[in-house]
Amino acid sequence: MSKMEVKTSLLDNMIGVGDMVLLEPLSEETFIGNLRKRFEHNEIYTYIGSVVISMNPYKSLPIYTADKVEEYRNRNFYELSPHIYALADEAYRSLRDQDKDQCILITGESGAGKTEASKLVMSYVAAVCGKGQEVNKVKEQLLQSNPVLEAFGNAKTVRNDNSSRFGKYMDIEFDFKGDPLGGVISNYLLEKSRVVKQPRGERNFHIFYQLLSGASEDTLKKLKLDRDFSKYNYLSLDSATVNGLDDAANFRTVRNAMQIVGFMEDEVQSVLELVAAVLKLGNIEFKPESRVNGFDESRVKDKNDLKEMCELLGIEQSVLERAFSYRTVEAKMEKVSTTLNVAQAYYARDALAKNLYSRLFSWLVTRINESIKAQTKSRKKVMGVLDIYGFEIFEDNSFEQFIINYCNEKLQQIFIELTLREEQEEYVREGIEWTNIEYFNNAVICDLIENNQNGILAMLDEECLRPGTVTDDTFLDKLNTVCAEHQHFESRLSKNSKFLTDHSLPHSCFRIQHYAGKVLYRVEGFVDKNNDLLYRDLSQAMYKANHSLMKLLFPEGNPAKVNLKRPPTAGSQFRASVGTLMKNLQTKNPNYIRCIKPNDKKACQVFTDSLVCHQVRYLGLMENVRVRRAGYAFRQAYEPCLERYKMLCKQTWPHWKGPARQGVEVLLKDLEVPEEEFAYGRSKIFIRNPRTLFFLEERRRQCLEDLATLIQKIYRGWKCRTHFLLLKKSQVVVAAWYRRYAQQQKYQKIKSSSIVVQSYIRGWKARKILRELKYQKRCKEAVTTIAAYWHGTQVRREYRKFFRANAGKKIYDFTIQKIMQKYFIGLKNTMPSMSPIDKTWPARPYLFLDGTHQELRRIFHLWRCKKYRSQFTEEKKAIYEEKLEASEIFKDKKALYPSSVGQPFKGDYLEINKNPKYQKLNSVMDEKVLLADVVNKINRANGKGASRIFLLTKKNFVLADQKTGQVKASVPLPDLNSVSVSTQSDGFFALKLKEGTPSAAKGDFLLSSDRLIEIITKLHRTGEASADRDPISVDISDEFLVQFKQDKVCVKFIQAGPKNGNSVACKRKNNRLLEVSVPSP
Ligand SMILES: Nc1ncnc2c1ncn2[C@@H]1O[C@H](COP(=O)(O)OP(=O)(O)OP(=O)(O)O)[C@@H](O)[C@H]1O
Ligand SMILES: [Mg+2]
């Protein structure tokens, strides 16, 4: 075991107590109470020292897994909680490592779990022992022998659905390494009566049902079988199918297992044929046939089954038929043949069936042994597993129960012997004084049964061999005489008066006080069953069969080997085999598994106290505990003991340096355990009383609590401290990071500030330098300039004499002059025409000449006009002057004006001087006539015009008759006050005279002329020309007053409508108004 592995113990986490030896106080109640408590917690295994008590859980528990196998592998027996694996491991290891042959004795009543336990042990050993192709094959064969034997040897009973109906002992052989080599199976007394008859609620052996349900049609046909169970007398029908049991599937398993184990195909076939033959045999029925001698003779009723059976086995039908009707008795040299009656025939048939089947079963075991036999001759280590039917007490107990119980009695004895012996040996080995132990030894019961002289079996044999009438009753009588005194034998008719009145004891019965309880046996059938007779005719018939296996099973039928000696009785055979078994077991190291069944209902979680109590009693478990505790209840090697309790003493805790024994001594002394409570063996400490152990355990528990607290304390301290340290460390890290961050920030700030400051300083410095440099540059420039000037001055001073002064100005002037010249020449060439109305003017070439250019244009125009004017003659000039004056007076004021512009002012239209008509007028007109024309003088009264000649001189104007030329009126111009005209295109004009003048007496003149503009203009010019008077004012208005004699008449000009025609019409409207309608232009 590695150092780090946690040391556990059986004592840890116990439910109840794991080892009954530690039960305190010890009584049947506490014992059963402990079993119950553990059972209720699914703890089905409990120890009594090294004995394992196994309770049948009747349900599958998860405690047989591969993990569990690993858990129990190579661990000490008491190290883990009780388990069948611990026992298997202990046995296997002591076989492998200490070279001790082992036997595992599994006992218990039917249904207690013996077969399951044996399989668990085998599977555990198979799992932990060596591996390899060859080894695995052997393992597989050993394991697969189980299903085959179970099929043929197990049956459903009221107690167990898979009850073993035979005893089985299997030796598994190992080589020196612990690898399995092979095995040997011994079988004991198959319950063959089951073949022909099954108690109510039970079944025949599984194989019959498996064959009928699982075999193929083809096989069944070959075997001449029918699938229907009800067709066979030997098969009980009421429980032909069992819940949770799949016969068909199991048949396949069995065939497969047979194949693995090594059965040949023809062997399997032969076996099945025999099974079929048994079924057929059961169907053969007999009828009586009266004979002349008055006796009935049996005859086969329906020969069909007989025929089929004979065909199947190759038996001559007549031979078998005869064997069922006659019996040949051979005595010395004589052969006597007697007929069989029907009852005898049935007896013979059943005997044949039973024998056939039980021999077949024995052959199967032999055949399996052949296969699983170890191949080497070298020395082998052996582990025997005994799975035998348990102690049975039925209502009706017969020969079988007697035999079975005898076997159990023997087993109990060997158990006691070996346990005690082992105990004693251990004491001796350990050097502890052996104190005698009080216990019940069942040797006396064994003696009652097997004693050669007066044992019950010997009596039975004697009876069977005795000539004369032998019945079960004579046998009982014999017992009554021989065994009457025996304290474990009870019978009504014995000499022991005690039972004379015991009504629970019928007359045909005897009772034996077995170690496990009293059992009442009914003597009926004892003799027969012990004889186990099979008529020779039948065995010979069987031998004659043309069937090799059949021949093999009935060797006594061989006529060549006629043996007149009686075969050994069943009882003596059994006694012999049990004797051998016991001898065998005694040479081996025993390991016990005591199976207990918790209830009769095959139910899980049900614990029937009385039933368990009964089993505890007959298994002698209390005895077992007592024996174990008789001296010292508990023992443990020094090392594990010290390891477990060392914390109870300061010297041994935490480490003990010296030998473990001394450590334990120091420990016990320190704990002040009374000296008589323990003894020091060579390798073990022996503790007398469980109380001491529990005291130690209690102290250990307390101490563990303290230690746990201490560990907890230290752990908590450690945890807190590490946590604290971690926090501290983290804090430092956080602080470091924070500081770093803060410093970084600060640094960044300082850095940026210093950069700012730096940049300012640099800027300031740079500016300073710049200023300096600029200043220097300016200085340089100044110097350069000064120098340049200076040089210039110098140069000029030096070179003046070589250059003309003011050349620049001159050049400038010259240039300007040149430009002007060019300008003027250009202007000359592009001069516009001389026409005053020509508006064109060349474009200006230079901006600076803008003013000049405009001015020149104006001058040019004036000059052009002047030139134009200068071409005019005086007359033309006067005409133009007049025209100019006319425009000044009338332009834009009178509508008539525009039409006058184009007409030259001729002045004298009448050519007065030349026309003789107007001689008279000429005389009047001493002066030059400025204007002479005909006008219309408007009549004041009606507005009608009368033609008059109008003459104008420098001094006056004259109105004269057109025809006569007679002067009508001559008015000096100074008397003319003003002239009024309309704005319109008419030619009306009023010459208004100054009031008070002589001319004014006749009133103003209202005239009309087409040449109004010329007339008025010339009138106006006369005024301008004379210096003594004002120029005549011209009023232009559409309404004006005209002085007619005394009255002032208003002349009003209106626009004429279109119907008035194109002529101007003048009408006197009233005294005051003269209306002139002027056509619109
Ligand atoms: N350890 C176990 N776990 C689960 N079930 C079990 C266990 N042991 C026994 N059983 C159940 O109990 C039934 C009977 O067990 P088993 O056949 O081993 O009894 P037995 O002691 O061999 O009886 P018999 O003496 O009649 O042969 C089994 O078929 C199984 O159902
Ligand atoms: Mg069994």
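Above this text you will find the structure in question.
Note that the structure is a prediction, hence the values are computed from the model and not measured.

Peer 1: Go over the overall build of the protein with me, naming the residues and quoting the values.
Peer 2: The helix and strand inventory of the protein stands at 32 helices and 31 strands. Taken against the 2.2 N^0.38 rule, which gives 31 Å for 1081 residues, the C-alpha radius of gyration of the protein at 85 Å runs more than 25% over that of a compact globule. Considering only C-alpha atoms, the protein reaches an extent of 240 × 100 × 65 Å along its principal axes. Across the 1081 residues that make up the protein, the buried fraction comes to 47%. Here the analysis covers contacts within the protein between residues at least 6 apart in sequence; of these, 64% occur between residues at least 24 apart. Per element, the accessible surface of the protein, about 56,800 Å² overall, is 53% carbon and sulfur. Positive and negative side-chain charges in the protein, numbering 169 and 133 respectively, have mean positions lying 20 Å apart.

Peer 1: Would you mind going over the site of ligand 1 in detail, with residue names and values included?
Peer 2: The immediate surroundings of ligand 1 are formed by 17 residues, with Ser110, Gly111, Lys114, Thr115 and Ser163 found nearest. Measuring from an oxygen atom of ligand 1, one finds a backbone N or O atom of Gly113 at 2.9 Å. Taking Glu116, its main chain carries an N or O atom lying 2.9 Å from an oxygen atom of ligand 1. Bound to the protein, ligand 1 loses 86% of the 620 Å² it would expose on its own. Contributions of two or more residues to the shell around ligand 1 are made by α4 (114-128) and β5 (163-164). With three residues, the top contributor of residues to the shell around ligand 1 is α4.

Peer 1: I'd like a rundown of unusual backbone geometry, residues and numbers included.
Peer 2: In this model, Glu24 is joined to Pro25 through a cis peptide bond whose omega is -5 degrees. Looking at where Pro25 falls in the secondary structure, it is placed in the segment before α1 (28-40). Omega for the peptide link from Trp653 to Pro654 comes to 0 degrees, which places this bond in the cis form. Along the polypeptide, Pro654 turns up in the loop between α24 (638-645) and α25 (660-671). One non-glycine residue, Asn74, lies in positive phi territory at about 60 degrees. Here Asn74 is to be found in the loop between α2 (66-72) and α3 (84-98). At Asp892, a position not held by glycine, the phi torsion is positive, near 70 degrees. Along the chain, the position of Asp892 falls in the loop between α29 (874-890) and α30 (897-901). Here Asp892 falls in the exposed class, since its relative accessible area comes to 74%.

Peer 1: Which residues make up empty space enclosed by the protein, and what are the values?
Peer 2: Enumeration according to the criterion identifies six cavities of 30 Å³ or more in this entry. The computed volume of the largest cavity comes to approximately 70 Å³. Around the largest cavity, the lining residues are Met122, Val125, Ala126, Cys129, Lys139, Leu142, Leu143, Ile172, Phe174 and Pro180. Elements supplying a minimum of two residues to the lining of the largest cavity: α4, α5 (133-153) and β6 (167-174). Residue composition of the lining of the largest cavity, by class: nine nonpolar, no polar and one charged. Each pocket or cavity is described by its volume, and for the second largest cavity that value is around 60 Å³. Looking at the second largest cavity, the residues that line it are Thr115, Ser118, Asn146, Leu149, Glu150, Asn154, Ser164, Phe166, Lys168 and Asp387. Sorting the residues of the lining of the second largest cavity by element identifies α4 and α5 as the ones contributing at least two each. Here the lining of the second largest cavity takes three residues from α5, the largest share from any one element. Class assignment for the residues of the lining of the second largest cavity results in two nonpolar, five polar and three charged.

Peer 1: Give a detailed account of the coordination of the magnesium ion (ligand 2), specifying residues and quantitative values.
Peer 2: Around the magnesium ion (ligand 2), the protein contributes the donor atoms Thr115 (OG1) and Ser164 (OG), which lie 1.9 to 2.0 Å from the metal centre. In this pair, Thr115 is assigned in helix α4 and Ser164 in strand β5, connecting sequence segments 49 residues apart. For the residue pair Thr115 and Ser164, the accessibility class agrees, reading buried in each case.

Peer 1: Describe the sheet that holds strand β28 (residues 1039-1044), naming the residues involved and giving the relevant values.
Peer 2: Strands in a sheet are paired, the pairing made by backbone hydrogen bonds, and the direction either parallel or antiparallel. Strand order in the open sheet made by the four strands is β28-β29-β31-β30, with mixed pairing throughout. Strands with a single pairing partner mark the edges of an open sheet, and in this sheet they are β28 and β30 (1065-1068). On average, each strand axis in the sheet is tilted by 25 degrees relative to the strand beside it, whichever way the strands run. Sheet analysis places β28 next to strand β29 (residues 1047-1056), joined by six bridges and oriented antiparallel. Counterpart to Val1042 in the pairing with β29 is Val1049.

Peer 1: Could you give an account of the packing of α5 against helix α13 (residues 342-372), with specific residues and numbers?
Peer 2: Orientation of α5 relative to α13, taken along the N-to-C sense of each, is 175 degrees, at an axis distance of 11 Å. Between α5 and α13, the interaxial angle falls into the category roughly antiparallel. Across from Gln141, Leu142, Ser145, Val148, Leu149, Ala151, Phe152 and Gly153 in α5, the residues of α13 making contact are Tyr357, Leu360, Phe361, Leu364, Val365, Ile368, Ser371 and Ile372. Of the residues in the contact of α5 with α13, the class split is 12 nonpolar, four polar and no charged.

Peer 1: Help me get a handle on the pattern of salt bridges, residues and values and all.
Peer 2: Applying the stated criterion to the full structure yields 62 salt bridges. A salt bridge links Lys156 to Asp161, with the shortest nitrogen-to-oxygen separation between them at 3.6 Å. Taking relative accessible area as the criterion, Lys156 reaches 13% and is therefore assigned buried. With a shortest N-O distance of 3.5 Å, Asp986 and Lys894 are connected by a salt bridge. Placement of Asp986 in the loop between β24 (976-981) and β25 (988-993) and of Lys894 in the loop between α29 and α30 is noted, with a sequence separation of 92 residues between them. On the accessibility criterion, Lys894 (3% relative accessible area) is buried.

Peer 1: Quick rundown of the nonpolar core? Include the residues and the values.
Peer 2: If you look at the biggest cluster of nonpolar residues, it comprises 214 residues, and the most contacted ones within it are Phe31, Phe152, Phe208 and Phe510. Ignoring any residue separated from it by four or fewer positions in sequence, one finds Phe152 in contact with Phe205, Ile207, Val271, Val275, Tyr357, Leu360, Phe361 and Leu364. Counting 30 residues, the second largest nonpolar core, distinct from the first, contains Phe950, Phe957, Ala1000 and Ile1032.

Cut-offs used in this document
Residues numbered from 1 in each chain as written. Chains lettered and ligands numbered in written order. Predicted model: local features only at pLDDT ≥ 70, side-chain atom pairs only at ≥ 80, totals over all residues. Heavy atoms only, no water. Helix = DSSP H or I, 4+ residues; strand = E, 2+ residues; numbered from the N terminus. Rg over C-alpha atoms; globule rule 2.2 N^0.38 Å. Buried < 20%, exposed > 50% of the residue type's maximum accessible area, 1.4 Å probe, protein only. Contact = heavy atoms within 4.5 Å. Areas by Shrake-Rupley, 256 points an atom, 1.4 Å probe, with all protein chains shown as cover. Lys, Arg positive; Asp, Glu negative; His and termini not counted. Charge placed at Lys NZ, Arg CZ, Asp CG, Glu CD. Near = heavy atom within 4 Å. Polar contact = N/O pair within 3.5 Å; in protein donor to acceptor, adjacent residues only side chain to side chain. 1 Å grid on protein atoms, 1.4 Å probe; cavity = no way out; pocket = protein on both sides within 12 Å on 5 of 7 lines; lining within 4 Å. Points joined across faces, edges and corners; volume = space filled by probe spheres on them. Nonpolar A, V, L, I, M, F, W, Y, C, P; charged D, E, K, R; others polar. Donors = N, O, S within 2.8 Å, 3.2 Å for Na, K, Ca; no water. Pairing = 2+ DSSP bridges. Axes fitted to C-alpha atoms, helices over the stretch in contact; angles between N-to-C directions. Parallel < 35°, antiparallel > 145°, perpendicular 65-115°, else oblique. Salt bridge = Lys/Arg side-chain N within 4 Å of Asp/Glu carboxyl O. Core = buried A, V, L, I, M, F, W, Y, C linked by side-chain atoms within 4.5 Å.

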